[in-house]
Every structure is written in structure tokens, then in C-alpha cells.
Amino acid sequence: MSTPAPTADFLSTLQQHQPLLRRVARLYEQDADDRQDLLQEIAVQLWRAWPRYVPRPDVKISTWLYRVALNVAISSLRRRRRCPTPLRLGEHLPELPETGPDSAYGPDELAWLYRAIEHLSAVDKAFVLLYLEDRSYEEMADILGITQNNVRVKMHRVQEKLRHLIPHAA
């Protein structure tokens with residue numbers, strides 16, 4: 001049985017939210033080839049789930065996309081079961097986002113942040129990603145399927161872990 005071709009609506013949605021999907025893949029895969037593989041797997045899973053997606057006026061489509069993308073990324077990470085490498089400032093660092101005059105952090109701080117994030121669990125990475133995306137606790141709760149209070153508690157714990165992993169964090 002062949003899979004039907006993607007619809008124009010699906011392709012448009014995928015294109016519109018490509019930056020969101022790339023950020024998820026970037027956080028869970030440091031290697032560019034692995035990141036591309038993860039993006040493809042996310043797209044496949046989104047396509048498979050698309051016929052069951054029912055738009056709701058009270059939920060943004062990006063919430064659904066995040067949920068699927070994070071589930072795929074976390075599942076992929078669990079399958080590989082890689083051990084993180086220890087933090088060393090002199091090592092090759094992963095790609096970093098562009099820093100500009102509006103950035104609150106310099107390249108060194110971003111490098112430490114990404115290295116610290118690599119040491120978090122798959123679920124904790126999801127919290128960091130959503131936090132860095134300026135998602136509200138309400139949106140985080142919807143995406144992750146937990147209560148807002150649980151989001152607050154888990155965010156506090158993740159922040160504490162990052163403080164311990166980043167040497168110069170106050």
C-alpha cells in the first residue's frame with residue numbers, strides 16, 4: 001500500500017513552522033547529519049499524524065507540532081542511549097545561534113549553555129527549549145501534557161541543574 005502525497009495544507013504548515021522544528025532537532029542532535037535524519041523522522045511522524053489532527057480554536061497548531069516533534073526527538077534519543085561527554089571548555093563546541101547586538105549572552109556564555117543542555121535528560125531539554133522559545137507556562141503545560149504547577153516545579157529543577165553545570169552561573 002502506498003502512502004498518499006502530502007497535501008498542500010500539510011506542506012504549507014510544515015514550511016511555516018520549519019524554524020520551530022529545526023530548533024527541536026538542534027537541541028536533541030549535535031551532529032548535522034543526525035539532525036537532518038531527526039528532522040526527516042519528525043516530518044514523517046507529522047505526516048502520519050496529520051489526518052488525525054483536529055484544529056481547535058483554543059490550541060495553536062504550534063502546540064501540536066511541538067508535541068509531536070518533542071515526542072519523536074525524545075524517542076530517538078532514548079533509542080540511542082548515548083552517554084554525554086564531560087564538560088570541557090576547550091573542546092569543539094556545537095553550532096551556536098548567531099549573536100548580535102540585541103543578544104543578552106556572548107558566544108562563551110552560549111557555548112557553556114549548550115554544553116550544559118547536552119547533559120540534561122531528554123525531558124529536561126524539552127523544558128529548556130520551550131523556555132528559550134518564550135512559551136508561557138500555560139503553553140508548556142499544553143505541549144507537554146502536564147499541569148502548569150508541574151511545569152513551574154520542573155522548570156525550577158531544570159534551572160537548578162543548569163546552575164550546577166555552568167561554572168560561572170550565579
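The rules behind the values
Residues numbered from 1 in each chain as written. Predicted model: local features only at pLDDT ≥ 70, side-chain atom pairs only at ≥ 80, totals over all residues. Heavy atoms only, no water. Helix = DSSP H or I, 4+ residues; strand = E, 2+ residues; numbered from the N terminus. Buried < 20%, exposed > 50% of the residue type's maximum accessible area, 1.4 Å probe, protein only. Contact = heavy atoms within 4.5 Å. Areas by Shrake-Rupley, 256 points an atom, 1.4 Å probe, with all protein chains shown as cover. Salt bridge = Lys/Arg side-chain N within 4 Å of Asp/Glu carboxyl O. Core = buried A, V, L, I, M, F, W, Y, C linked by side-chain atoms within 4.5 Å. Arc of directions from axis to C-beta. pLDDT = per-residue confidence, 0-100.

Colleague: Before we go on, may I ask you to explain the overall build of the chain in this structure?
Modeller: The number of helices and strands found in the chain is eight helices and zero strands. Here the chain holds 170 residues, and 37% of them are scored as buried. A separation threshold of at least 6 residues defines the contact pool for the chain, and within that pool the share at least 24 residues apart is 66%. Accessible area for the chain stands at about 10,700 Å²; split by element, carbon and sulfur atoms hold 52% of it.

Colleague: What is the right way to read the pattern of salt bridges from this model?
Modeller: A pair can form between side chains of opposite charge whenever their charged atoms are brought close. Taken as a whole and judged by the stated rule, the model has seven salt bridges. Across the pair R23 and E133 runs a salt bridge whose closest N-O atoms are separated by 2.2 Å. Of the two residues, R23 is situated in helix α2 (residues 18-28) and E133 in the loop between α6 (122-132) and α7 (137-144); the sequence distance between them amounts to 110 residues. One network of salt bridges, with partners in common, ties together K60, R135 and E139.

Colleague: Teacher, can you tell me more about the nonpolar core here?
Modeller: Nonpolar side chains in soluble globular proteins generally cluster together in the buried interior. Judged by nonpolar contacts, the single largest core of 46 residues is most densely connected at V24, Y28, L46 and L70. Sorting elements by how many residues they give to this core places helix α4 (residues 61-80) first, with ten residues.

Colleague: How should I be thinking about helix α1 (residues 8-16) in this particular structure?
Modeller: One turn of the α-helix equals 3.6 residues, which is why residues spaced by three or four share an orientation. All of the buried residues in α1 are F10, T13 and L14. Buried residues in α1, looked at end-on, bunch into an arc of 100°, giving them a common side. For α1, exposure combined with an orientation more than 90 degrees from the buried face picks out A8, Q15 and Q16.

Colleague: I'm lost on the confidence of the model for the chain in this one. Help?
Modeller: Parts of the prediction with low pLDDT should not have their coordinates interpreted in detail. When pLDDT is averaged along the chain, the result is 79; 76% of the residues meet or exceed 70. Within the chain, helix α5 (residues 107-118) has the poorest average pLDDT of any element, 76, and helix α3 (residues 32-49) the best, 92. Scored below 50 in pLDDT, residues 83-103 makes 35 contacts in the model with residues more than four places away or belonging to other chains.

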